[in-house]
Amino acid sequence: MSGALNRFRFMAYVVGVGLLVLVVAMLFKYVGDTPGLIKVVGPVHGFLYAIYLVIAVDLGLKARWSIKGTILVLLAGTIPFLSFYAERKVVERVREGVPL
């Protein structure tokens, strides 16, 4: 389980930072009228988010999370800063042996 938890932690941070970069790229696109950055950052973030989904589901199955808990963790990668909070809570719960 520790391998799955470490993979999840890594991807939660990667997706969280990627989402913040995506928000900045969107600001450049809509405020600065510079769409170039979003063309690179958007697909990269989408690919990394897909990996995050697979890793989170893997951890959820191993930790026996509820469907609701799993879905909430999966959605955490779509809201800026929420993946960092979710990562902290998931680590706490998994280390305590408490399912989500």
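This write-up is about the structure you can find in this document.

Basis of the calculations
- Residues numbered from 1 in each chain as written.
- Predicted model: local features only at pLDDT ≥ 70, side-chain atom pairs only at ≥ 80, totals over all residues.
- Heavy atoms only, no water.
- Buried < 20%, exposed > 50% of the residue type's maximum accessible area, 1.4 Å probe, protein only.
- Helix = DSSP H or I, 4+ residues; strand = E, 2+ residues; numbered from the N terminus.
- Arc of directions from axis to C-beta.
- Contact = heavy atoms within 4.5 Å.
- Phe/Tyr/Trp six-rings, centres within 6.5 Å; stacked < 30°, edge-to-face > 60°.
- Expected span 1.5 Å × (residues − 1).

**A look at helix α3 (residues 67–75)**
- Those residues of α3 that sit buried are Gly-69, Thr-70, Val-73 and Leu-74. Viewed end-on, α3 has its buried residues packed into an arc of 135 degrees, placing them on one side of the element. Away from the buried face of α3 by more than 90 degrees, exposed residues Ile-67 and Lys-68 are located.
- Next to the buried residues of α3 lie α1 (2–30), α2 (36–63) and α4 (82–96).

**A few points about the packing of aromatic side chains**
- Within this structure, the stated rule accounts for five aromatic pairs.
- Geometrically, the ring pair formed by Tyr-13 and Phe-84 is tilted, given 5.7 Å between the ring centres and 40 degrees between the ring planes. Of this pair, Tyr-13 sits in helix α1 while Phe-84 sits in helix α4, placing them 71 residues apart in sequence.
- Judged by its relative accessible area of 21%, Phe-84 falls in the partly exposed class.
- An aromatic cluster of at least three residues, connected via ring pairs, comprises Phe-8, Tyr-49, Tyr-52 and Trp-65.

**What to know about α2**
- Helix length check: α2, at 28 residues, gives a terminal C-alpha distance of 41 Å against a target of 40 Å (1.5 Å per residue), a fit within 8%.
- For α2, every residue scored as buried is listed here: Ile-38, Val-41, His-45, Tyr-49, Tyr-52, Ile-55, Ala-56, Leu-59, Gly-60 and Ala-63.
- Structurally, α2 contributes buried residues whose contacts are with α1, α3 and α4.
- Backbone geometry just after α2 places Arg-64 at a positive phi near 60 degrees.

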